Amino acid sequence: MLGKRKRVVLTIKEKLDIIKKLEEGISFKKLSVVYGIGESTVRDIKKNKERIINYANSSDPTSGVSKRKSMKSSTYEELDRVMIEWFNQQKTNGIPVSGTICAKQAKFFFDALGMEGDFNASSGWLTRFKRRHGIPKAAGKGTKLKGDETAASEFCGNFQEFVERENLQPEQIYGADQTGLFWKCLPSRTLALETEQSTSGYKSSRERIIIMCCANATGLHKLNLCVVGKAKKPRAFKETDLSNLPVTYFSQKSAWIEQSVFRQWFEKYFVPQVQKHLKSKGLLEKAVLLLDFPPAHPNEEMLSSDDGRIIVKYLPPNVTSLIQPMSQGVLATVKRYYRAGLLQKYMDEGIDPKMFWKNLTVLDAIYEVSRAWNMVKSSTITKAWKKLFPGIEENSGMNMDEGAILAANLATVLQNTEECEHVDIENIDQWFDSQSNDSSCQVLTDSESAGDQAKAAEQKPSSKTRKTDLNPEKHISHKAALEWTENLLDYLEQQDDMLLSDKLVLRRLRTIIRRKQKIQNYKSH
């Protein structure tokens, strides 16, 4: 009589192997004998084939999938994705990460992402997090994690051989990468005196969008920014037609671009725009897009044009900071230009910081970050490809000295601006380079005093006032002009044949009217 079969729990890798062998025609019975499991278990694996493959595709191969046996996800999946990306970035930079630092960072991300629930970054959570991602106990205990330079060097050699073999020109080689942008923030010292910032009326901004930059190695073809927000259609968009925005906008709840969104962007926007550009240059419609390693992206086989001539190549894990072109100063330059533009807008409008923050919308941010991306020089992008193509011509782009000059100029202007006297170069420079909503980037909370609300109510024109102001025989007030301008902007956003330059002119006019209104209010007091 046969004894009871020993219970066997397969790893994810073993399940993937079984799926592959089933596709090769190996029978259920034979596989059950080889792996020491029942035939019903093999049938269950086939039944859950899609789920197992999707799970494996969304996992970093360095995260212990070969040893993991369960597909149980974290209670806070969004937090888990952000944390493993942060951890891998620290590993790439050779920065040791202790359990205490990891727990503090998790708590920070939980708050920054505005997540709900009773999250406790306990030792139990840390243990489960490390187990889920195959992080060894020794990681982060003072041992500097390295070894990525070898992988980066090997990839560079292989990629250059691939480019030569396929006879690709710099015009046909693209790179894309994403970053989070906390768009609703000003340098902390522009908001109030340092003593006032400790009050409950101030907090770090949680308003965040994802931006993805994509351009070819010449820097001459920059695709429209891909922007991802949480709201399908934010209130600030009103009747705006999304197709008229200066960016490609998507919505999702996750912290980073999901596979489905990326695939949609690739198929509907990237491929057609690249084909059009290459055709205009008289080049074969053949290209490669260089991306960070998944988990945020589908497999290479799933991303290609219908004719197979436009494909993607993934960087190996943990080399982003070393050779990913968009991480060689391009994304940082976009953020600097965005924040400089935001500060300039604040100074142009001449209103108090609280009112500026209240008026700033995600639509304003989208136009501002689009402008920032347009300002990035082709030479800056070309320079970013230097590590992948050492022989590529290197031009002078925006460097640290230019950034320092930009910070110094803005600091000087702000020091002569009301309520901004405490700004210094260091404060501006930290704000330019801040990666998240840290202490150098603060905004006011939504809570307002009754006096502030009453003041806002007084400023809102009544229907009677609007009728009077709209009479052409009467003097046109700043309030009425502002209302008309905003209505006209709403109208332009609904039209599909209006130029971006026309919209930007109106936005500039709106800024001027707001400033005039501020001056008038100041004189009347």
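Residues numbered from 1 in each chain as written. Predicted model: local features only at pLDDT ≥ 70, side-chain atom pairs only at ≥ 80, totals over all residues. Heavy atoms only, no water.

For the chain, an unreviewed UniProt entry supplies the name Tigger transposable element derived 2 and the organism Prolemur simus. UniProt's Subcellular location (unreviewed entry) comment on the chain is quoted here verbatim: "Nucleus". (UniProt positions renumbered as here; feature names shortened; annotations may be inferred.)

A. Quick peek at the packing of aromatic side chains. Tallying each qualifying case throughout the model produces 13 aromatic pairs. With centroids separated by 5.4 Å and ring planes inclined at 45°, the aromatic side chains of Phe262 and Trp265 adopt a geometry described as tilted. Remark: Trp265 and Phe262 occur in helix α9 (residues 259-280); sequence separation between them is three residues, near one turn of the helix. Judged by relative accessible area, Trp265 falls into the buried class, the value being 2%. Joined through ring pairs, the aromatic side chains of Phe155, Phe159, Phe162, Trp385 and Phe389 make up one cluster. Geometry around Phe28 places Arg43 over its ring, the cationic atom sitting 4.2 Å from the centre. Its end group placed over the ring of Trp373, Lys222 keeps NZ or CZ at 5.0 Å from the ring centre. (Phe/Tyr/Trp six-rings, centres within 6.5 Å; stacked < 30°, edge-to-face > 60°. Helix = DSSP H or I, 4+ residues; strand = E, 2+ residues; numbered from the N terminus. Buried < 20%, exposed > 50% of the residue type's maximum accessible area, 1.4 Å probe, protein only. Lys NZ or Arg CZ within 6 Å of the ring centre and 35° of its normal.)

B. Geometry of the side chain of Asn216. Among the secondary structure elements, Asn216 is positioned in strand β4 (residues 208-216). In terms of polar contacts, Asn216 uses its side chain to reach the side chain of Glu171, at 2.8 Å. (Polar contact = N/O pair within 3.5 Å; in protein donor to acceptor, adjacent residues only side chain to side chain.)

C. View of the nonpolar core. By size, the foremost hydrophobic cluster in this structure holds 52 residues, and its most contacted members are Phe159 and Trp373. When contributions to this core are tallied by element, the ones reaching two or more residues are α8 (148-166), β1 (173-182), β4, β7 (287-291), α11 (330-349), α13 (362-375) and α14 (378-384). Of all the elements, α11 adds the most residues to this core, at nine residues. Excluding residues within four positions of it along the chain, Trp373 makes contact with Cys213, Cys214, Ala215, Lys222, Leu223, Leu225, Val330, Val334 and Ile381. Within the second largest apolar cluster, 46 residues are counted, among which are Cys214, Val261, Phe262 and Leu278. (Core = buried A, V, L, I, M, F, W, Y, C linked by side-chain atoms within 4.5 Å. Contact = heavy atoms within 4.5 Å.)

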